[in-house]
Amino acid sequence: MTTSLTNAELLVMSALLRLDNHAYGVPIVEELEGHQQRMSVATVYVALGRLEERGLVTSTVGEATAERGGRAKKFFRVTAKGVREVRALQKTLVQLWQGVPQLRGGTTS
Amino acid sequence: MRSHPPAIATWLLRRFVPTTDAEALAGDLFEHYQRGRSAWWYWREVFVAIFTGAWSDVRRHPFSLFGAVAVGWVATVALVALVLPTEYSLLVRYVLRHQARPEQMPFVGFVMTAPFGLLCGWIVAQVARECRISAVSLAAALSAIDGIWELWLNAQNWPASQHFNVWMWLWQLPLNVLLILLGGGLLTGSPKRSTSN
(Lines give C-alpha, C1' and ligand atoms only; values in the text may rest on other atoms or scores of the structure.)
Protein backbone atom coordinates (compact mmCIF):
# COMPACT_ATOMS: atom_id res chain seq x y z
CA MET A 1 0.00 0.00 0.00
CA THR A 2 1.27 3.47 -0.85
CA THR A 3 1.11 6.52 1.37
CA SER A 4 -0.05 9.76 -0.16
CA LEU A 5 2.41 12.30 -1.51
CA THR A 6 1.52 15.98 -1.62
CA ASN A 7 1.86 17.94 -4.83
CA ALA A 8 5.02 19.65 -3.54
CA GLU A 9 6.55 16.34 -2.42
CA LEU A 10 5.87 14.70 -5.78
CA LEU A 11 7.36 17.68 -7.66
CA VAL A 12 10.47 17.73 -5.47
CA MET A 13 11.02 13.98 -5.81
CA SER A 14 10.55 14.14 -9.58
CA ALA A 15 13.07 17.02 -9.84
CA LEU A 16 15.51 15.09 -7.66
CA LEU A 17 15.20 11.99 -9.86
CA ARG A 18 15.78 14.11 -12.98
CA LEU A 19 19.01 15.46 -11.41
CA ASP A 20 20.66 12.01 -11.38
CA ASN A 21 19.12 11.42 -7.97
CA HIS A 22 21.78 13.46 -6.18
CA ALA A 23 21.23 17.18 -5.72
CA TYR A 24 20.99 20.00 -3.20
CA GLY A 25 18.45 22.82 -2.84
CA VAL A 26 19.65 25.23 -5.55
CA PRO A 27 19.52 22.83 -8.56
CA ILE A 28 16.21 21.39 -7.32
CA VAL A 29 14.61 24.87 -7.29
CA GLU A 30 16.12 25.65 -10.72
CA GLU A 31 14.92 22.33 -12.15
CA LEU A 32 11.40 23.08 -10.94
CA GLU A 33 11.54 26.61 -12.36
CA GLY A 34 12.69 25.14 -15.67
CA HIS A 35 9.38 23.29 -15.71
CA GLN A 36 7.28 26.33 -14.82
CA GLN A 37 6.94 25.31 -11.18
CA ARG A 38 7.91 28.15 -8.84
CA MET A 39 8.56 26.98 -5.30
CA SER A 40 10.34 28.82 -2.51
CA VAL A 41 13.58 27.32 -1.22
CA ALA A 42 12.01 26.90 2.24
CA THR A 43 9.03 24.99 0.81
CA VAL A 44 11.45 22.63 -0.95
CA TYR A 45 13.25 22.01 2.37
CA VAL A 46 9.98 21.44 4.25
CA ALA A 47 8.96 18.86 1.61
CA LEU A 48 12.41 17.20 1.74
CA GLY A 49 12.27 17.10 5.55
CA ARG A 50 8.91 15.32 5.50
CA LEU A 51 10.14 12.88 2.83
CA GLU A 52 13.28 12.14 4.81
CA GLU A 53 11.23 11.42 7.93
CA ARG A 54 9.21 8.88 5.96
CA GLY A 55 12.35 7.26 4.56
CA LEU A 56 11.63 8.31 0.98
CA VAL A 57 14.81 10.39 0.65
CA THR A 58 18.16 10.40 2.44
CA SER A 59 20.59 13.27 2.90
CA THR A 60 24.32 13.84 3.28
CA VAL A 61 26.13 17.04 4.18
CA GLY A 62 28.59 18.20 1.54
CA GLU A 63 31.39 20.71 1.41
CA ALA A 64 31.21 24.38 2.42
CA THR A 65 32.15 26.86 -0.30
CA ALA A 66 32.80 30.61 -0.45
CA GLU A 67 30.02 30.88 -3.05
CA ARG A 68 27.63 29.86 -0.23
CA GLY A 69 29.09 32.16 2.44
CA GLY A 70 31.01 29.25 3.97
CA ARG A 71 27.94 27.11 4.51
CA ALA A 72 27.74 23.42 3.65
CA LYS A 73 25.47 21.92 1.01
CA LYS A 74 22.95 19.26 1.94
CA PHE A 75 22.61 16.64 -0.79
CA PHE A 76 19.46 14.55 -1.15
CA ARG A 77 18.82 11.20 -2.80
CA VAL A 78 15.55 9.33 -3.40
CA THR A 79 15.59 5.91 -1.72
CA ALA A 80 14.35 2.67 -3.32
CA LYS A 81 11.21 3.03 -1.22
CA GLY A 82 10.81 6.58 -2.57
CA VAL A 83 11.14 5.41 -6.17
CA ARG A 84 8.46 2.76 -5.50
CA GLU A 85 6.16 5.47 -4.11
CA VAL A 86 6.60 7.67 -7.18
CA ARG A 87 6.09 4.74 -9.56
CA ALA A 88 2.93 3.65 -7.73
CA LEU A 89 1.53 7.17 -7.87
CA GLN A 90 2.51 7.49 -11.53
CA LYS A 91 0.67 4.25 -12.31
CA THR A 92 -2.44 5.41 -10.43
CA LEU A 93 -2.47 8.81 -12.14
CA VAL A 94 -1.97 7.35 -15.63
CA GLN A 95 -4.82 4.90 -15.02
CA LEU A 96 -7.05 7.69 -13.71
CA TRP A 97 -6.32 9.99 -16.64
CA GLN A 98 -6.86 7.34 -19.35
CA GLY A 99 -10.05 7.98 -21.29
CA VAL A 100 -10.78 11.33 -19.67
CA PRO A 101 -11.96 13.52 -22.60
CA GLN A 102 -10.75 16.79 -21.02
CA LEU A 103 -7.21 15.43 -20.76
CA ARG A 104 -6.91 14.20 -24.36
CA GLY A 105 -4.25 15.88 -26.46
CA GLY A 106 -1.30 15.51 -24.10
CA THR A 107 0.37 18.68 -22.88
CA THR A 108 -1.67 21.20 -24.93
CA SER A 109 -4.08 23.25 -22.80
CA MET B 1 31.72 37.93 -6.30
CA ARG B 2 28.60 39.99 -5.73
CA SER B 3 28.12 41.86 -2.44
CA HIS B 4 26.62 40.04 0.53
CA PRO B 5 22.82 39.72 0.85
CA PRO B 6 20.91 42.08 3.21
CA ALA B 7 22.49 41.66 6.65
CA ILE B 8 19.26 42.09 8.66
CA ALA B 9 17.48 39.45 6.56
CA THR B 10 20.41 37.06 7.07
CA TRP B 11 20.30 37.73 10.83
CA LEU B 12 16.54 37.00 10.91
CA LEU B 13 17.16 33.82 8.91
CA ARG B 14 19.83 32.67 11.34
CA ARG B 15 17.79 33.50 14.44
CA PHE B 16 14.17 32.69 13.59
CA VAL B 17 14.10 29.81 11.09
CA PRO B 18 13.27 26.83 13.32
CA THR B 19 14.28 23.92 11.07
CA THR B 20 17.56 22.02 11.44
CA ASP B 21 18.13 22.63 7.73
CA ALA B 22 18.49 26.37 8.44
CA GLU B 23 22.22 26.36 7.70
CA ALA B 24 21.84 24.57 4.33
CA LEU B 25 18.86 26.80 3.53
CA ALA B 26 20.90 29.93 4.34
CA GLY B 27 23.68 28.64 2.05
CA ASP B 28 21.20 28.04 -0.77
CA LEU B 29 19.73 31.53 -0.42
CA PHE B 30 23.24 33.02 -0.38
CA GLU B 31 24.12 31.08 -3.54
CA HIS B 32 20.91 32.18 -5.30
CA TYR B 33 21.70 35.79 -4.34
CA GLN B 34 25.24 35.49 -5.71
CA ARG B 35 23.76 34.22 -8.97
CA GLY B 36 21.81 37.45 -9.42
CA ARG B 37 18.56 37.21 -7.42
CA SER B 38 17.38 40.54 -6.05
CA ALA B 39 17.40 41.76 -2.44
CA TRP B 40 13.59 41.78 -2.60
CA TRP B 41 13.63 38.07 -3.55
CA TYR B 42 16.02 37.35 -0.66
CA TRP B 43 13.81 39.14 1.90
CA ARG B 44 10.71 37.33 0.62
CA GLU B 45 12.45 33.96 0.86
CA VAL B 46 13.55 34.70 4.45
CA PHE B 47 9.98 35.51 5.54
CA VAL B 48 8.63 32.43 3.73
CA ALA B 49 11.30 30.32 5.51
CA ILE B 50 10.34 31.72 8.94
CA PHE B 51 6.60 31.22 8.43
CA THR B 52 6.78 27.80 6.75
CA GLY B 53 9.15 26.62 9.51
CA ALA B 54 6.80 27.89 12.22
CA TRP B 55 3.78 26.36 10.48
CA SER B 56 5.64 23.06 10.22
CA ASP B 57 6.22 23.20 14.02
CA VAL B 58 2.54 23.97 14.62
CA ARG B 59 1.59 20.87 12.63
CA ARG B 60 4.22 18.62 14.18
CA HIS B 61 4.18 19.71 17.83
CA PRO B 62 0.86 21.52 18.43
CA PHE B 63 0.48 20.50 22.09
CA SER B 64 4.08 21.24 22.98
CA LEU B 65 4.02 24.61 21.21
CA PHE B 66 0.67 25.97 22.42
CA GLY B 67 1.11 24.28 25.82
CA ALA B 68 4.45 26.04 26.35
CA VAL B 69 2.99 29.42 25.42
CA ALA B 70 0.02 28.83 27.76
CA VAL B 71 2.29 27.73 30.64
CA GLY B 72 4.52 30.77 30.07
CA TRP B 73 1.60 33.18 30.12
CA VAL B 74 -0.17 31.59 33.11
CA ALA B 75 3.05 31.41 35.16
CA THR B 76 3.90 35.03 34.32
CA VAL B 77 0.39 36.31 35.11
CA ALA B 78 0.41 34.37 38.42
CA LEU B 79 3.82 35.77 39.38
CA VAL B 80 2.78 39.29 38.40
CA ALA B 81 -0.34 38.96 40.60
CA LEU B 82 1.78 37.71 43.52
CA VAL B 83 4.71 40.07 43.22
CA LEU B 84 3.21 43.28 41.85
CA PRO B 85 1.27 44.37 45.00
CA THR B 86 4.56 44.37 46.91
CA GLU B 87 6.29 46.16 44.07
CA TYR B 88 3.57 48.78 43.85
CA SER B 89 3.66 49.43 47.58
CA LEU B 90 7.37 50.08 47.20
CA LEU B 91 6.67 52.26 44.19
CA VAL B 92 4.02 54.32 46.08
CA ARG B 93 6.40 54.82 49.00
CA TYR B 94 9.09 55.85 46.53
CA VAL B 95 6.78 58.47 45.02
CA LEU B 96 5.43 59.65 48.39
CA ARG B 97 8.97 60.39 49.48
CA HIS B 98 9.16 62.66 46.43
CA GLN B 99 11.93 60.61 44.92
CA ALA B 100 9.96 60.28 41.70
CA ARG B 101 7.56 62.60 39.91
CA PRO B 102 4.09 61.20 39.02
CA GLU B 103 4.86 61.30 35.31
CA GLN B 104 7.84 59.04 35.97
CA MET B 105 5.63 56.35 37.54
CA PRO B 106 4.87 54.45 34.32
CA PHE B 107 8.59 54.22 33.62
CA VAL B 108 9.42 53.07 37.16
CA GLY B 109 6.53 50.61 36.95
CA PHE B 110 7.83 49.26 33.68
CA VAL B 111 11.33 48.79 35.09
CA MET B 112 9.73 46.76 37.89
CA THR B 113 7.63 44.60 35.56
CA ALA B 114 10.21 44.14 32.76
CA PRO B 115 11.77 41.02 34.32
CA PHE B 116 8.44 39.25 33.80
CA GLY B 117 8.91 39.53 30.03
CA LEU B 118 12.29 37.87 30.35
CA LEU B 119 10.81 35.23 32.63
CA CYS B 120 7.93 34.50 30.24
CA GLY B 121 10.37 33.92 27.35
CA TRP B 122 12.57 31.73 29.51
CA ILE B 123 9.66 29.55 30.73
CA VAL B 124 8.32 29.09 27.17
CA ALA B 125 11.80 28.09 25.95
CA GLN B 126 12.20 25.56 28.77
CA VAL B 127 8.80 23.92 28.21
CA ALA B 128 8.90 23.80 24.38
CA ARG B 129 12.24 22.11 23.83
CA GLU B 130 11.05 20.42 20.60
CA CYS B 131 9.99 23.71 19.00
CA ARG B 132 11.71 26.41 21.04
CA ILE B 133 12.16 29.05 18.34
CA SER B 134 8.54 28.87 17.13
CA ALA B 135 7.12 28.84 20.69
CA VAL B 136 9.13 31.87 21.89
CA SER B 137 8.34 33.74 18.65
CA LEU B 138 4.65 32.96 19.13
CA ALA B 139 4.76 34.22 22.75
CA ALA B 140 6.42 37.44 21.54
CA ALA B 141 3.85 37.84 18.75
CA LEU B 142 0.99 37.34 21.23
CA SER B 143 2.52 39.96 23.50
CA ALA B 144 2.56 42.40 20.55
CA ILE B 145 -1.07 41.56 19.70
CA ASP B 146 -2.04 42.07 23.37
CA GLY B 147 -0.34 45.48 23.32
CA ILE B 148 -2.14 46.51 20.13
CA TRP B 149 -5.44 45.31 21.62
CA GLU B 150 -4.77 47.46 24.72
CA LEU B 151 -4.16 50.50 22.49
CA TRP B 152 -7.36 49.84 20.55
CA LEU B 153 -9.44 49.51 23.76
CA ASN B 154 -8.03 52.75 25.13
CA ALA B 155 -8.58 54.52 21.83
CA GLN B 156 -12.31 53.70 22.17
CA ASN B 157 -12.53 55.64 25.46
CA TRP B 158 -10.38 58.56 24.44
CA PRO B 159 -9.93 61.04 26.14
CA ALA B 160 -11.52 59.40 29.23
CA SER B 161 -8.52 57.05 29.46
CA GLN B 162 -5.98 59.82 29.79
CA HIS B 163 -3.95 57.69 32.16
CA PHE B 164 -3.00 55.64 29.10
CA ASN B 165 0.23 57.09 27.79
CA VAL B 166 0.64 56.48 24.06
CA TRP B 167 4.30 57.47 24.05
CA MET B 168 5.04 55.01 26.84
CA TRP B 169 3.14 52.38 24.91
CA LEU B 170 5.14 53.07 21.74
CA TRP B 171 8.41 52.06 23.35
CA GLN B 172 7.04 49.56 25.87
CA LEU B 173 5.48 47.34 23.20
CA PRO B 174 8.67 46.62 21.19
CA LEU B 175 10.68 46.43 24.41
CA ASN B 176 8.32 43.79 25.83
CA VAL B 177 8.64 41.77 22.62
CA LEU B 178 12.44 42.05 22.76
CA LEU B 179 12.49 40.98 26.43
CA ILE B 180 10.49 37.82 25.65
CA LEU B 181 12.81 36.98 22.74
CA LEU B 182 15.82 37.68 24.94
CA GLY B 183 14.46 35.55 27.79
CA GLY B 184 13.81 32.75 25.31
CA GLY B 185 17.44 32.90 24.16
CA LEU B 186 16.61 33.92 20.60
CA LEU B 187 18.79 37.02 20.61
CA THR B 188 21.92 35.66 22.26
CA GLY B 189 24.39 32.85 21.60
CA SER B 190 24.03 30.38 18.76
CA PRO B 191 20.41 29.41 18.02
CA LYS B 192 19.47 26.07 19.62
CA ARG B 193 17.27 24.24 17.15
CA SER B 194 15.34 21.06 17.79
CA THR B 195 16.93 17.91 16.45
CA SER B 196 13.62 16.34 15.52
CA ASN B 197 12.93 18.60 12.52
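Residues numbered from 1 in each chain as written. Chains lettered and ligands numbered in written order. Predicted model: local features only at pLDDT ≥ 70, side-chain atom pairs only at ≥ 80, totals over all residues. Heavy atoms only, no water.

### So, helix α3 (residues 41-53) of chain A
Now for step 1: The terminal C-alpha atoms of α3(A), which comprises 13 residues, lie 18 Å apart, in line with the 18 Å expected from a rise of 1.5 Å per residue.
Now for step 2: Taken as a whole, α3(A) has its buried residues at A:Val41, A:Ala42, A:Val44, A:Tyr45, A:Val46, A:Ala47, A:Leu48 and A:Leu51.
Now for step 3: Contact partners of the buried residues in α3(A): α1 (7-18), α2 (25-34), β1 (57-65) and β2 (71-78) of chain A together with α2 (22-34) and α3 (39-60) of chain B.
Now for step 4: Remark: A:Gly55 follows α3(A) within two positions and exhibits a positive phi of approximately 75°. (Helix = DSSP H or I, 4+ residues; strand = E, 2+ residues; numbered from the N terminus. Expected span 1.5 Å × (residues − 1). Buried < 20%, exposed > 50% of the residue type's maximum accessible area, 1.4 Å probe, protein only. Contact = heavy atoms within 4.5 Å.)

### With respect to the pairing of β1(A)
Residues and elements named next belong to chain A.
Now for step 1: Both β1 and β2 contribute to a ladder of 7 bridges, which runs antiparallel. Following the sheet pairing, Val57 is matched in β2 by Val78.
Now for step 2: Connecting β1 to the next strand, β2, in antiparallel fashion are 5 residues, including Gly69 with a positive phi near 65°. (Pairing = 2+ DSSP bridges.)

### Examining the side chain of B:Thr10
Now for step 1: Looking at the secondary structure, you find B:Thr10 in helix α1 (residues 7-16).
Now for step 2: Side-chain polar atoms of B:Thr10 contact the backbone oxygen of B:Pro6, separated by 3.0 Å.
Now for step 3: A polar contact of 2.9 Å, which involves the side chain of B:Thr10, links it to the side chain of B:Tyr42.
Now for step 4: If sequence neighbours within four positions are ignored, B:Thr10 has contacts with A:Arg71, B:Pro5 and B:Tyr42. (Polar contact = N/O pair within 3.5 Å; in protein donor to acceptor, adjacent residues only side chain to side chain.)

Nothing here speaks to function; it is geometry throughout.
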